[in-house]
Amino acid sequence: QLKLVESGGGLVQAGGSLRLSCAASGPRFSYYAIGWFRQAPGKEREFVAGSSWSGMRTHYLDSVEGRFTISRDNVKDTVYLQMNSLKPEDTAVYYCNAHTDPDRVAMAPADFDSWGQGTQVTVSS
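A brief look at the structure comes next. Just so it is clear, the model here is predicted, and its values are computed rather than measured.

1. Section: the pattern of salt bridges
- Under the defined criterion, the tally for this structure stands at 5 salt bridges.
- Of the charged contacts, one joins arginine 38 and glutamate 46 as a salt bridge, the two residues approaching to 2.7 Å between their closest N and O atoms.
- Via salt bridges that share partners, Arg38, Glu46, Arg67 and Asp90 belong to a single interconnected network.

Here it is as structure tokens:
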């Protein structure tokens with residue numbers, strides 16, 4: 001079974017950048033689509049970005065389109081989320097998850113039964 005570990009979060013000023021990593025261990029990483037999600041305090045978890053197994057197809061939450069970029073390295077079994085022009089409203093715990101439909105790019109939190117620890121992103125104004 002695939003295990004995912006998120007890293008790269010931190011504290012950054014508004015307008016700054018961070019790159020999150022989602023490192024996988026387990027078989028056949030390249031068979032899965034990968035999604036990034038986030039959950040802010042007092043809010044429900046939401047989809048942020050998704051990548052198909054090849055990385056050729058991607059999909060984004062409207063509010064991050066043009067600022068965030070999802071990419072993957074199937075040799076290193078890692079998916080990245082490059083976040084630029086960060087805003088205070090991007091503050092949240094960010095999670096990644098693997099979807100068994102390798103071509104899925106639009107995902108919902110309800111698609112998944114379990115979650116990792118996530119990585120905290122805090123954007124100060």
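2. Topic: the sheet that holds strand β1 (residues 3-7)
- Strand order in the open sheet formed by 4 strands is β1-β3-β8-β7, with antiparallel pairing between adjacent strands. Pairing within the sheet leaves two strands with one partner each, and these edge strands are β1 and β7 (68-73). For this sheet, the mean inter-axis angle between neighbouring strands, taken without regard to orientation, is 15°.
- Looking at chain direction, β1 and strand β3 (residues 18-25) are connected through 5 bridges and run antiparallel. Bridging across to β3, leucine 4 finds its partner in alanine 24.

3. Brief notes about the packing of aromatic side chains
- Evaluated as defined, the whole model comprises 5 aromatic pairs.
- Ring geometry for phenylalanine 37 against tryptophan 115: centres 5.1 Å apart, planes inclined by 85°, an arrangement best described as edge-to-face. A residue pair is termed long-range when its members are at least 10 positions apart, and phenylalanine 37 in strand β4 (residues 33-39) and tryptophan 115 in the loop between β9 (92-99) and β10 (119-124) qualify at 78 residues.
- With relative accessibility at 26%, the residue tryptophan 115 sits in the partly exposed group.
- Centre to centre, the rings of phenylalanine 112 and tryptophan 115 are 5.5 Å apart; their planes meet at 70°, and the pair counts as edge-to-face.
- Using a relative accessible area of 10% as the deciding quantity, one classes phenylalanine 112 as buried.
- Taken together, the ring pairs in this structure connect Phe37, Phe47, Tyr95, Phe112 and Trp115 into an aromatic cluster.
- In this arrangement the basic side chain of arginine 45 is found over the ring face of tyrosine 95, its NZ or CZ atom lying 4.1 Å from the centre.
- In this structure, arginine 45 is placed above the aromatic ring of tryptophan 115, and the distance from its NZ or CZ to the ring centre is 4.2 Å.

4. A word on the state of the cysteines
- Summed over the entire model, instances satisfying the criterion amount to 1 disulfide.
- In this model cysteine 22 forms its disulfide with cysteine 96; the gap between the sulfur atoms is 2.1 Å. The sign of the S-S torsion, about 80°, decides the handedness of the disulfide formed by cysteine 22 and cysteine 96: right-handed. Remark: cysteine 96 occurs in strand β9 and cysteine 22 occurs in strand β3; sequence separation between them is 74 residues. Of the two residues, cysteine 22 and cysteine 96, both sit in the buried class.

5. Thoughts on the side chain of arginine 72
- The residue arginine 72 is located in strand β7 in this model.
- Comment: no salt bridge for buried arginine 72; closest opposite-charge side chain is aspartate 77, at 7.2 Å.
- A polar side-chain atom of arginine 72 sits 3.3 Å from the main-chain carbonyl oxygen of phenylalanine 29.
- In terms of polar contacts, arginine 72 uses its side chain to reach the backbone carbonyl oxygen of tryptophan 53, at 3.2 Å.

What counts, and where the lines are drawn
- Residues numbered from 1 in each chain as written.
- Predicted model: local features only at pLDDT ≥ 70, side-chain atom pairs only at ≥ 80, totals over all residues.
- Heavy atoms only, no water.
- Salt bridge = Lys/Arg side-chain N within 4 Å of Asp/Glu carboxyl O.
- Pairing = 2+ DSSP bridges.
- Helix = DSSP H or I, 4+ residues; strand = E, 2+ residues; numbered from the N terminus.
- Axes fitted to C-alpha atoms, helices over the stretch in contact; angles between N-to-C directions.
- Phe/Tyr/Trp six-rings, centres within 6.5 Å; stacked < 30°, edge-to-face > 60°.
- Buried < 20%, exposed > 50% of the residue type's maximum accessible area, 1.4 Å probe, protein only.
- Lys NZ or Arg CZ within 6 Å of the ring centre and 35° of its normal.
- Disulfide = S-S within 2.5 Å.
- Lys, Arg positive; Asp, Glu negative; His and termini not counted.
- Polar contact = N/O pair within 3.5 Å; in protein donor to acceptor, adjacent residues only side chain to side chain.

It is worth stressing that arrangement in space is one thing and function is another; only the former is reported here.
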